[in-house]
Structures are given as C-alpha cells and as structure tokens.
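This is what each chain is made of:
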Amino acid sequence: MSFRIIGTGSALPACRITNDDLSNLVDTSDEWITTRTGIRERPILTTESVTEIAVAAARNALENSGISPADLGYIVCPTLGGDYMTPSLACVVQMELQANCPAVDVNGACSGFLYALDVADGIFARGKARYVLVLAAERLSRILDWSDRSTCVLFGDAAAAVVLEAGDALHYLEVTARGNLCLASPLAPGSCPYTEPDTRKPGLLMKNREVYAFAVNTISSSLKKAAEETGISMEETDYFFLHQANLRIIETARKKLGLPEEKFPVNIQKYGNTSSASIPLLLDEWNRAGKLKKGQHLVLCAFGAGLTTGLAALDWDI
Ligand code: UT7
C-alpha cells in the first residue's frame, strides 16, 4: 500500500518582482535573465510570513481534497525553514489548522518534495495514516545575497501542497544524495562568545555550470530510469513534472531525450525557482486548469542542493 494524490493547493506572496525591478538593484537585464533562465518575474514575501502562505496552501489543498484538518494522520513539510528554527514549520501549520497529528519538516532542498513523498510512503507502508498532507513552503528570498546577480535573479517564494490518501497510484519512488558543497548556504553566525568567528560568506553560493550539468544529467538519467522501473515508456508517459530551476535545463534535457514540448509543463516564467515548492505548485496549476485526467501517467523529477535528486512515477487518480 502506498498512496494516491487526492487534492492540491498553493498560495503565493502578493508582491511580484520583475526582471526590470531587479535590473534597478544589480547589474542585470530582462534580456539576460529571460534568455538564460526563462524567468520573467518571481513572487517575494514582503509583508506575509512563511506560515501564512503555508497555511493558505494547506487549506486550499484540503478543500480541493474534500477532507478536514481533523482527518489528517501526518503533516510533512519539505522546506529549507519556516519562520522558526524550532518548532518546525509543520508543527506551526498543525497548530494553525488545529489538526491533531504528528508533524515534521524535511530538508531535501529543491528535491525536498520528493523526499517528503518518500517519508509519506513509509508512513502509509506502516499503516500509520489514512491521509497525509505534504506541504512545501519556501522563502529563498531570506537566504539570498541580494547583491549577487548570479543567484538573486533565480529564486522565488511560494507554498504548495498535496493531500495523499492510502492507495496504489505510486509505481516507483527513488531519492538520492551525493554530499557536495557546490550549492550551499551557510547558517547565519550565532553570538556564542566561546566560538571562533564564522568567516564563511553568507548567501547562496552556487557553482553554476557544475549544478547546470548535474541537473541536465539527472533529468536524462532519471526519466530513463522511471521508464525502466515501471515499464511505462517515456512516449507513454503523459507529463513530466520537473523541478523548475531553469527553462534551458528543461529544454536541453528534453531535446537530448527527443521528447515533445507538450509533455513538459512549465511555469518558471512566473515564479522562478521556488525550491521544494516548484513541483507541487506546477501540479496544482495543471490540476486546477483541468489538464490532469484520471489514469494519466506522470513522472516527477527534482534535483538540488545536497546534491540530492528525487524521482517518482505515479498515476493521476482523482
Ligand atoms: O534548484 C537548484 C538547482 N539550480 C540550478 O539548477 C541552477 C543551475 N545553473 C543555471 O541555471 C545557470 O548556470 C545560471 C542561470 C545560474 C547561469 O547561467 P550561465 O549561462 O551558466 O551563466 P554563467 O554563470 O556561466 O555566467 C555567464 C556570464 C558571466 O559573465 P562573464 O564572466 O562571461 O563576463 C556572469 O558574470 O553571465 C554573467 N552573469 C550575469 N549577467 C547579467 C551572471 N549572472 C548574471 C545576471 N545578469 N543576472
């Protein structure tokens, strides 16, 4: 027994920052950002908290699923961090929803949504819950160095969720990690008087080309692996929901595999890279637009800091 998705939801900050806005902040241009990444604008948390958008996305997903917070058997939040170091974002959301179930955060960076599905799969395998809320919420804007043009243009803030019910829609799920600091953000220094000063540069440090190559290779090998493991070929797969990090990464991998554009939903133009929220945000958009039909074969694939990857093959079953 694994699970099926029975509903989706999302919530976004009100503030949108365009490429032109950013060109007033750092030495960049709409032309550079659009051609190198596909991104045109990104939502940024200004007045709202992570908790607020997370709770809104959770309510949205519960409503879409037709279940109430009291039905939840577990809340798992993929996130780099909510509004508190402790308690976890998942616990704060549980309090706000007045749910009565265990709640925990999972930090798998941009692969976090797939890591959270893996955790949920274990919960269902042990028969510990009938419904699990997997709720990704990210505030990349807090960790970025806003004077670094090579990273500050790439990311956005968002929350997106799925409600899972015990079921048999999942065909394959795999997560991987290969420890490597080519994409890393150090914690802010503390004030302990006994500790040596932390000399690491704050912000998000990324070896762009190395991560780009890793991303393209991950997509190509993961999509092939999903087909091998499930017996559902790439041609038979209806949609590939990929982590939205860069349109060029998606296009390069897609062309390498010789697959048509229609199989690859994209929304990075509007949101930038929202880390673990990017795949559930895209799923919610497609679900609400009525583009997902019962029985369709989907493959989800993510890659990110860690370096981590995540891959899932499942049928749409609503
Ligand atoms: O979700 C986690 C996973 N993350 C990713 O998958 C991101 C992977 N990497 C990428 O998507 C791309 O490497 C980037 C979009 C980050 C960068 O694109 P690129 O084509 O690899 O550019 P680059 O880093 O090789 O830089 C090319 C040039 C440099 O100038 P010089 O040295 O050639 O004069 C950069 O300084 O572009 C310059 N540059 C910019 N110029 C204008 C870098 N950022 C900017 C900018 N505006 N925002």
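Since we're looking at a predicted model, the values are computed, not measured.

S.K.: Break down the sheet that holds strand S4 (residues 74–78) for me, with residues and values.
M.R.: The 5 strands lie next to each other as S1-S7-S6-S4-S5, forming an open sheet whose pairing is mixed. On the outer flanks of this sheet lie strand S1 (2–11) and strand S5 (103–106), each paired with one strand and no other. Each neighbouring strand pair of the sheet contributes to a mean axis angle of 20°, computed without reference to strand direction. Against the sheet, helix H4 (residues 89–97) makes contact with S4, S5 and strand S6 (131–139), and its axis sits at roughly 145° relative to S5, the strand it touches most. Those strands touched by helix H10 (residues 278–288) are S1, S6 and strand S7 (157–167), and its axis lies near 90° from that of S1.

S.K.: Could you give an account of the state of the cysteines, with specific residues and numbers?
M.R.: Here the structure, examined in full by the defined rule, presents 0 disulfides. With no disulfide partner, Cys-91 has as its closest neighbouring cysteine sulfur the one in Cys-77, 8.9 Å distant. Judged by its relative accessible area of 31%, Cys-91 falls in the partly exposed class.

S.K.: Before we move on, can you summarise helix H2 (residues 30–37) with the specific residues and values?
M.R.: For H2, every residue scored as buried is listed here: Ile-33, Thr-34 and Thr-37. In a view along the axis of H2, the buried residues occupy a sector of 105°, so they form one face of it. Buried-residue contacts for H2 involve helix H1 (19–23), strand S3 (41–44), helix H8 (247–257) and helix H9 (268–271). Of the residues trailing H2, Gly-38 is marked for its positive phi of about 85°.

S.K.: Provide a residue-level description of the nonpolar core, including the pertinent values.
M.R.: Counting 40 residues, the largest nonpolar core has Ile-219, Leu-223, Phe-240, Leu-242 and Ile-249 as its most contacted members. Counting only elements with at least two residues in this core, the list comes to helix H7 (208–230), strand S11 (239–242), H8, strand S12 (297–304) and strand S13 (306–315). Ranked by residue count, the leading element in this core is H7, at 9 residues. In this structure Ile-219 touches Leu-242, Ile-249, Ala-253, Cys-301 and Phe-303, once residues within four positions along its chain are discounted. Core analysis: the next-biggest nonpolar cluster, separate from the first, contains 32 residues, Ala-116, Leu-173, Tyr-239 and Phe-241 among them.

S.K.: Which residues make up the site of the ligand, and what values go with them?
M.R.: As a structural note, the neighbourhood of the ligand is formed by 23 residues, with Thr-28, Arg-36, Arg-209, Asn-246 and Asn-273 the closest of them. In this structure, Arg-209 approaches the ligand through a side-chain N or O atom, which is 2.7 Å from an oxygen atom. Burial of the ligand by the surrounding chains reaches 76%, relative to a free accessible area of 950 Å². Here the shell around the ligand gets 4 residues from one element, more than from any other, and that element is H7. Among the residues forming the shell around the ligand, the class breakdown is 11 nonpolar, 7 polar and 5 charged. Three or more residues apiece are contributed to the shell around the ligand by two domains, here domain 1 (2–168) and domain 2 (172–315).

About the criteria used
- Residues numbered from 1 in each chain as written.
- Predicted model: local features only at pLDDT ≥ 70, side-chain atom pairs only at ≥ 80, totals over all residues.
- Heavy atoms only, no water.
- Pairing = 2+ DSSP bridges.
- Helix = DSSP H or I, 4+ residues; strand = E, 2+ residues; numbered from the N terminus.
- Axes fitted to C-alpha atoms, helices over the stretch in contact; angles between N-to-C directions.
- Contact = heavy atoms within 4.5 Å.
- Disulfide = S-S within 2.5 Å.
- Buried < 20%, exposed > 50% of the residue type's maximum accessible area, 1.4 Å probe, protein only.
- Arc of directions from axis to C-beta.
- Core = buried A, V, L, I, M, F, W, Y, C linked by side-chain atoms within 4.5 Å.
- Near = heavy atom within 4 Å.
- Polar contact = N/O pair within 3.5 Å; in protein donor to acceptor, adjacent residues only side chain to side chain.
- Areas by Shrake-Rupley, 256 points an atom, 1.4 Å probe, with all protein chains shown as cover.
- Nonpolar A, V, L, I, M, F, W, Y, C, P; charged D, E, K, R; others polar.
- Domains from an automatic or database assignment.

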